[in-house]
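# Observations on the three-dimensional arrangement
Listed below are the residues making up each chain.
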Amino acid sequence: MKKIIPAILTKDIAELRSKLTQIQKLTDWAQIDIMDGKFVQNISIGLEDVSLVKIPEGIFLEAHLMVENPASYFTQCQQANIKRVIFHIEMDSDIKNVLLKAKSFNFQKGLALNPETPVEKIIPYINDIDVALLMSVHPGFGGQTFILNTLDKIRSLKKLVPHLKIEVDGGVNIDNIKAISDAGADYFIVGSGLFEAEDSKKQFENLQMKIK
Ligand code: DX5
């Protein structure tokens, strides 16, 4: 089943609370962007602040860890009630080891690939992950433009590993979400394309209609 996953990129605990309130009853998953200012040139809200926020009933959180050492965040992810951790294949730690550590925390696991990273790089890990996240912008900031050749990457990955769920993240909006879905994506990470609309509930429904 295809899913829209609202992306929350913030430094502010009040904004996190407000966005989670806006999307409750709309979705069962939300993505929190975690940035360390080293792997990407931006710093987001910390997981210790995320753990202070009451998660609305029925919402599961995934953490998109745009950080150099994702394993060092797993204890805080657990305390923040994160259910799925997604970290980048481009980080320079031992991927298999980090995946093993994530398994020991009982997290669902995902690997993120930056726009310039070929999808074939994920092959050694497909039995150890639940989702692949294809970045359709260069990570670090919301409101960027969708990189068109991501559609080819989605098609190639779906052909290579048909069973693997594909998330697409960055610049997803009402105008391109159908093409992204038709290319084979399963989960759509939407930040500004949802929250910048007048009425985010209506916008969520409009986005959902496009991927039926
Ligand atoms: C970018 C983040 C994305 C971003 C999505 O580094 O990983 O999740 O917040 O925001 P939009 O949908 O505005 O591109």
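Structure: above.
As the structure is a computational prediction, the values presented were derived from the model and not from experiment.

Conventions and cut-offs
Residues numbered from 1 in each chain as written. Predicted model: local features only at pLDDT ≥ 70, side-chain atom pairs only at ≥ 80, totals over all residues. Heavy atoms only, no water. Core = buried A, V, L, I, M, F, W, Y, C linked by side-chain atoms within 4.5 Å. Buried < 20%, exposed > 50% of the residue type's maximum accessible area, 1.4 Å probe, protein only. Contact = heavy atoms within 4.5 Å. Near = heavy atom within 4 Å. Polar contact = N/O pair within 3.5 Å; in protein donor to acceptor, adjacent residues only side chain to side chain. Areas by Shrake-Rupley, 256 points an atom, 1.4 Å probe, with all protein chains shown as cover. Helix = DSSP H or I, 4+ residues; strand = E, 2+ residues; numbered from the N terminus. Pairing = 2+ DSSP bridges. Right-handed = clockwise from strand over helix to strand, strands pointing away. Axes fitted to C-alpha atoms, helices over the stretch in contact; angles between N-to-C directions. Arc of directions from axis to C-beta.

## Quick look at the nonpolar core
Of all hydrophobic cores here, the largest spans 67 residues; its most connected members are L65 and F74. Filtering out sequence-adjacent residues up to four positions away, L65 remains in contact with I34, L47, P70, Y73, F74, C77, V85, I86, F87 and H88. One finds I5, A7, W29 and L133 within the second-largest nonpolar core, a separate group that totals 11 residues.

## Brief notes about the site of the ligand
Around the ligand sit 19 residues, and of these G140, G143, D169, G191 and S192 come closest. In this structure, an oxygen atom belonging to the ligand sits 2.8 Å away from a main-chain N or O atom of G191. In isolation the ligand offers 380 Å² of accessible surface; the protein chains occlude 99% of this area. Elements represented by at least two residues in the shell around the ligand include exactly strand 2 (29-35) and strand 3 (60-66).

## Concerning the pairing of strand 6 (residues 131-135)
In the case of a regular strand, side chains alternate between the two sheet surfaces. Across the 5 residues of strand 6, 5 count as buried, placing the element largely inside the fold. Two elements, strand 5 (residues 108-113) and strand 6, share 4 bridges in a ladder whose sense is parallel. Following the sheet pairing, L113 is matched in strand 6 by L134. Sheet topology places strand 6 next to strand 7 (residues 165-169); 5 bridges connect them, and they run parallel. Residue pairing across strands places L133 opposite E167, the latter belonging to strand 7. The handedness of the strand 6 to strand 7 crossover, carried by helix 5 (residues 150-160), is right-handed.

## Here's the deal with the sheet that holds strand 5
Sheets are built from strands that pair by backbone hydrogen bonding, the pairs being arranged parallel or antiparallel. As summarised here, the arrangement of the 8 strands in space is 1-2-3-4-5-6-7-8, forming a closed barrel in which the pairing is parallel. Shown here is a sheet whose adjacent strand axes are inclined to one another by a mean of 25 degrees, direction ignored. Bridge count between strand 2 and strand 3: 7 bridges; the pairing is parallel. Looking at strand 3, one finds that W29 is bridged to F60. Along the sheet, helix 1 (residues 13-23) makes contact with strand 1 (3-8), strand 2 and strand 3, crossing strand 1 at roughly 165 degrees.

## Regarding helix 4 (residues 95-104)
Each α-helix winds once per 3.6 residues, and so residues spaced three or four apart point in a common direction. If you check which residues of helix 4 are buried, you get I95, V98, L99 and A102. All buried residues of helix 4 fall inside an arc of 100 degrees around its axis, so they share one side. Looking at helix 4, the residues exposed on the side facing more than 90 degrees away from the buried face are L100, K103 and S104. Those residues of helix 4 that are buried lie in contact with helix 3 (74-79), strand 4 (82-88) and strand 5. With a side-chain oxygen positioned 3.1 Å from the backbone nitrogen of K96, the residue opening helix 4 is D94. Remark: N106 follows helix 4 within two positions and exhibits a positive phi of approximately 65 degrees.

## Topic: the side chain of Q203
Topologically, Q203 is positioned in helix 8 (residues 200-210). When its relative accessible area of 15% is taken as the criterion, Q203 is described as buried. Looking at Q203, its side chain comes within polar contact range of the main-chain oxygen of G193, at 3.1 Å.

The values reported here are purely geometric and, on their own, carry no functional implication.
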